[in-house]
Amino acid sequence: MISKEFLPHHVAYFSMEVGLDSSMPTYSGGLGILAGDTLRAAADLGLPMVGVTLLHRKGYFRQSLDARGNQTESPAGWNYEEALEPMVPRVFVPIAGRAVMVRAWRYIVRGVFGHIVPVYFLDTDLKENNSWEMSLTEALYDGDARHRLCQEVVLGMGGVAMLQALGYKNIGTHHMNEGHAAFLTLALLEQDVVHGDLAAAAQSDCEAVRQHCVFTTHTPVPAGHDQFPVDLVRDVLGDQRLAALEAVRCINNRMLNMTYLALHLSRYINGVAMRHGEISRDLFPDHAIDSITNGVHAATWTAPPLRNLYDRFIPEWRRDNFYLRYAIKIPLAEVQRAHRLVKQEMVAQIAQRTGAHLAEKVLTICFARRSAGYKRADLLFTDLERLEAIAERTGPFQVIYSGKAHPHDQVGKAMIRRIFEFSEKLKNSLRVVYLENYDMDLARTLCAGVDLWLNTPERPLEASGTSGMKAALNGVPSLSVLDGWWVEGHVEGVTGWAIGDDRELDIAGEAKSLYDKLEHAILPLYYGKPDGYAEIGRSAISLNGSYFHTQRMVLQYVRNAYLGVEP
Ligand SMILES: *Cc1c(COP(=O)(O)O)cnc(C)c1O
């Protein structure tokens, strides 16, 4: 536990999306899962942390896919009144000259030792607001630029006001998980300037704000950073605030850049893997940018049969995940037995969901994550003839896909349709199934139940990636492009396999490497030397499960980002 003397002030962790439970669909992908895992690990470690997000009463969305892979979306309403506790205070945020009223709902994250981390879900669905204002906390990443901008005002400015109204007087650090929350800096600045000129204060007082802010960037492409036209910002926030934003140099080409706002007003900045830190330093050479590699919450993402195994052989693992290093001493037969159980359970679940009966003895590969163009779900299908030849000559395998495309992302949606087309084309030689509505529950099942976790992002766009870490915790090796966390987690033939090496390759070159690894390393080992394959799974637990967890990650945030400031 981290004592009050050690870290006397609170850390307020702001994130537009948070994944705490499958029944709370307020996340879209890795960013939200990371936020949930961070809050859980903070509770386990006894950290004085509080979370802030939006209610998203209709969630992200529920995905349906027709026989050709066309995605349709429906609202993912959830029972927030049962899951959360309403708070009394009401605060206001300034939007287009009006004071929009905000309330909060509380969720309690309880750690292994009973320490609690409260998470506040901000909500504008109050009769005092007009219907457009009420819709601001309805759905995640929904709506046009104006809607998005106003959502970010509610998160950043509403969050700061709400924490104050709730009585938090001792917040030393505001941690922005991505730039969506960067308006909190504006709220902090305004607090110091009751009367007088905000723009002048922005210059003289920004050091005081910086001392209270920490920023984690997640996006390695400039286009991925949130930007809003100046006219829109003026309309929503007014001339004074626009002048202040100009004074802190976060307006460029008549666009407000939320990443610049966060960068310029943070005392500490980090990327989410070592490689991503390098990329971010190249993108933003004026800033000192550190790296803290992501992790996953071990107890959450370990399947029950593996949990039982660790409880028997390494009982300390729940309290201190680093003990998982000792998994190397668990008898191989035990690891194999646990994996068999998880795989059986997965096969049964898939049959129940889809009617598709996967074979339990066949090498099962999974690609499951948000369907975004740069993730290249279709790299596996670059050369269908070669793929079929491998399955025929070397040994059979089956592939599971899952993932949602953002409702406006036509490339991501087309990618899903392509996977359906390939699945149809290959139906006599290779079984490919696509599971609807990827969520935390399905991720837990797939990451643990398959035999190989595939990741094929276009370098260097995968800032970290975390689902391969979930797989490693469960003894499932990765086959992945050397990007994000895999640069650190990959030991060839020990924790999994790399696609390509650290040099630039074209798509054909990467696909060839993928096929070569399948044909010459993975399939021969799986069918020819099953003990050898299980040893790789066990090494993945010991080397990667013991390191890529949020306990280590949060301790690094404490050490590098949170310590050493007075509230
Ligand atoms: C872990 C997780 C992700 C992140 O997947 P990446 O491979 O890191 O992109 C996305 N969605 C869900 C539901 C997850 O559990």
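Refer to the structure printed above.
Now for a description of the structure that goes with this document. (Residues numbered from 1 in each chain as written. Predicted model: local features only at pLDDT ≥ 70, side-chain atom pairs only at ≥ 80, totals over all residues. Heavy atoms only, no water.)

**Re the site of the ligand**
To keep things clear, this is the line we draw: Whether a residue is near a molecule or strand depends on its heavy atoms: if one lies within 4 Å, it is near. Nitrogen and oxygen atoms within 3.5 Å of one another constitute a polar contact, given that in protein one can donate a hydrogen and the other can accept it, and given that sequence-neighbouring residues count only through two side-chain atoms. The method behind every accessible area is Shrake-Rupley, applied with a 1.4 Å probe, and residues are considered shielded solely by the protein chains displayed. Residue classes follow a fixed rule: Ala, Val, Leu, Ile, Met, Phe, Trp, Tyr, Cys and Pro count as nonpolar, while Asp, Glu, Lys and Arg count as charged, and any other residue, Gly among them, counts as polar.
In the vicinity of the ligand lie 14 residues, with Arg-369, Lys-375, Thr-466, Ser-467 and Lys-470 positioned nearest. Within the side chain of Lys-375, an N or O atom sits 2.7 Å from an oxygen atom of the ligand. Within the side chain of Lys-470, one N or O atom sits 2.6 Å away from an oxygen atom of the ligand. Burial of the ligand by the protein chains amounts to 97% of its free accessible area of 390 Å². Its residues placed into classes, the shell around the ligand shows 5 nonpolar, 5 polar and 4 charged.

**Some thoughts on the pairing of strand 1 (residues 10-14)**
In plain terms, the rule: Each residue's exposure class comes from its accessible area (1.4 Å probe, protein chains only) as a fraction of the maximum for that residue type: buried when under 20%, exposed when over 50%, partly exposed otherwise. A run of DSSP states H or I qualifies as a helix once it reaches four residues; a run of E qualifies as a strand once it reaches two. Both are numbered from the N-terminal end. A pair of strands is labelled paired if DSSP reports no fewer than 2 bridges between them. Handedness of a crossover is defined as follows: with both strands directed away from the viewer, a clockwise route from the first strand across the helix to the second makes it right-handed.
The buried fraction of strand 1 amounts to 4 of the 5 residues, a majority that puts the element mostly inside the structure. Relative to strand 9 (residues 171-177), strand 1 runs parallel, the two sharing 5 bridges. If you follow Tyr-13 over to strand 9, its bridge partner there is His-175. In this sheet, strand 2 (residues 49-54) lies alongside strand 1 in parallel orientation, the contact comprising 4 bridges. Counted as the bridge partner of Val-11 is Met-49 from strand 2. In terms of handedness, the path from strand 1 via helix 1 (residues 30-45) over to strand 2 forms a crossover that is right-handed.

**Re the pairing of strand 20 (residues 478-481)**
In strand 20, alternate side chains face the same way, and those of Ser-478 and Ser-480 on one face and Leu-479 and Val-481 on the other are all buried. In terms of strand pairing, strand 19 (residues 452-455) meets strand 20 through 3 bridges, oriented parallel. Bridge assignment links Leu-454 to a residue of strand 20, and that residue is Leu-479. Where the polypeptide runs from strand 19 across helix 18 (residues 467-473) and back to strand 20, its parallel neighbour, the crossover connection is right-handed. Relative to strand 21 (residues 496-499), strand 20 runs parallel, the two being bridged by 4 bridges. Bridging across to strand 21, Val-481 finds its partner in Ile-499.

**Remarks on helix 17 (residues 440-449)**
In terms of burial, helix 17 is a largely internal element, 8 of the 10 residues being buried. All buried positions along helix 17 are accounted for by Met-440, Leu-442, Ala-443, Thr-445, Leu-446, Cys-447, Ala-448 and Gly-449. Between the side-chain oxygen of the N-cap and the backbone nitrogen of Asp-441 there are 3.2 Å, and the N-cap of helix 17 in question is Asp-439.

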